[in-house]
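Notes for the structure review
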Amino acid sequence: MKGVILAAGKGTRLRPLTLETPKPMLLLDGKPMLDYVLAGFLSAGVTDVILVTGYLAEKIESHYRGGEPMGMNITYRRQTEQLGTGHAVNLVQDFTGNEPFMLCWSDIMCDTGEYAALRAFHDAHDFQASITLNHVDDPWEGAAVYMDGSTVTDIIEKPPRGASSTSFNNRGIFVLEPVIYEELAKLKADTRGEYNVPDAIRNMIRRGLRVGGMPLAGPSSDVGTLDALKEWEAYLQGKNA
């Protein structure tokens, strides 16, 4: 199984830290946050990875180069226009080919074992996509996920605040079968002019394809704000003490 990590964003909510440093390279307990994502992929046996870079791309690419010191093969693809996660994944179809692949946003922090658990979850079921979930009071900042047992019945990207009757949020780690590209090719841009992976997954569900949802067993964060960065730093320091 190959891996795709989306690392093209500007991290505007973390300014001024991201004015000269891309968000995936911000340090958490002395290591770039992207190190933790790559370690998660390794735990799942995913060693052939492509990073989709964009903002300050050269700082990510020069740091990891080919990935050999980490025991990985890392290549790169640049997203020159910020047109959303769906657009970014479409850029790497030739890399993933006709096989399932693991996908993650580059700023998702969770325990390393969650990646291996997701791969096992996907392999154990007849799902065309498997996504990770976390509980929130209101998923308006992410994607609201509605469940029936372990099956996702609906996923709504960026719902209005207070409009969701589910506490499940899409956490941003996936295993996807290549059928996802059929839906990505048909996507229309949202009101921000972006094409989003959760919208493509929603269309898979509407088409009758089976999508699984796996709640994460431990804590997680998208490290989207300065406060969240400090909180996850404290979590890692406590864990590693």
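Residues numbered from 1 in each chain as written. Predicted model: local features only at pLDDT ≥ 70, side-chain atom pairs only at ≥ 80, totals over all residues. Heavy atoms only, no water.

A few words now on the overall build of the protein chain. Along the protein chain, the regular secondary structure elements total 8 helices and 13 strands. For 241 residues, the compact-globule formula gives about 18 Å, and the C-alpha radius of gyration of the protein chain, at 17 Å, lands near that figure. When its C-alpha atoms are laid out on the principal axes, the protein chain stretches across 45 × 40 × 35 Å. Per-residue burial over the protein chain gives 49% buried out of 241 residues. A sequence separation of at least 24 residues applies to 74% of the contacts in the protein chain between residues at least 6 apart. About 10,800 Å² of surface is accessible on the protein chain, with carbon and sulfur atoms providing 49% of the total. Within the protein chain, the 31 negative side-chain charges are centred at a point lying 4 Å from the centre of the 23 positive side-chain charges. (Helix = DSSP H or I, 4+ residues; strand = E, 2+ residues; numbered from the N terminus. Rg over C-alpha atoms; globule rule 2.2 N^0.38 Å. Buried < 20%, exposed > 50% of the residue type's maximum accessible area, 1.4 Å probe, protein only. Contact = heavy atoms within 4.5 Å. Areas by Shrake-Rupley, 256 points an atom, 1.4 Å probe, with all protein chains shown as cover. Lys, Arg positive; Asp, Glu negative; His and termini not counted. Charge placed at Lys NZ, Arg CZ, Asp CG, Glu CD.)

Estimated volume of the largest pocket: approximately 1,400 Å³. Along the wall of the largest pocket there are 47 residues; nearest its centre are Arg-13, Lys-23, Asp-107, Lys-158 and Asp-222. The residue makeup of the lining of the largest pocket, split by class, is 16 nonpolar, 18 polar and 13 charged. If you go around the second largest pocket, you meet 13 residues; those closest to its centre are Ile-156, Glu-157, Asp-190, Asp-199 and Arg-202. Residue assignment for the lining of the second largest pocket shows that the elements contributing at least two residues are β10 (151-157) and α7 (197-206). Top element by residues in the lining of the second largest pocket is α7. It accounts for 4 residues. Its residues assigned to classes, the lining of the second largest pocket shows 3 nonpolar, 2 polar and 8 charged. (1 Å grid on protein atoms, 1.4 Å probe; cavity = no way out; pocket = protein on both sides within 12 Å on 5 of 7 lines; lining within 4 Å. Points joined across faces, edges and corners; volume = space filled by probe spheres on them. Nonpolar A, V, L, I, M, F, W, Y, C, P; charged D, E, K, R; others polar.)

This paragraph deals with the environment of Tyr-115. Within the element layout of this structure, Tyr-115 appears in helix α5 (residues 113-123). Residues Tyr-115 and Phe-41, spaced 74 residues apart in sequence, show a C-alpha to C-alpha distance of 6.3 Å. Setting aside residues no more than four positions away along its own chain, Tyr-115 makes contact with Val-37, Gly-40, Phe-41, Ser-43, Ala-44, Met-102, Cys-104, Ile-108, Cys-110 and Ile-173.

The subject of this paragraph is the packing of helix α1 (residues 33-43) against helix α2 (residues 57-64). Relative to each other, α1 and α2 sit at 55 degrees, their axes nearing to 12 Å. As summarised for this structure, α1 and α2 are arranged oblique, according to the angle between their axes. In the packing of α1 onto α2, the handedness of the crossing is right-handed. Residue-level contacts link Leu-34, Asp-35 and Leu-38 of α1 to Ile-60, His-63 and Tyr-64 of α2. (Axes fitted to C-alpha atoms, helices over the stretch in contact; angles between N-to-C directions. Parallel < 35°, antiparallel > 145°, perpendicular 65-115°, else oblique. Left-handed = near helix turned anticlockwise from the far one by under 90°.)

Take Ser-62: it is sitting in helix α2. On the accessibility criterion, Ser-62 (41% relative accessible area) is partly exposed. From its side chain, Ser-62 meets the backbone oxygen of Glu-58 in a polar contact 2.8 Å long. (Polar contact = N/O pair within 3.5 Å; in protein donor to acceptor, adjacent residues only side chain to side chain.)

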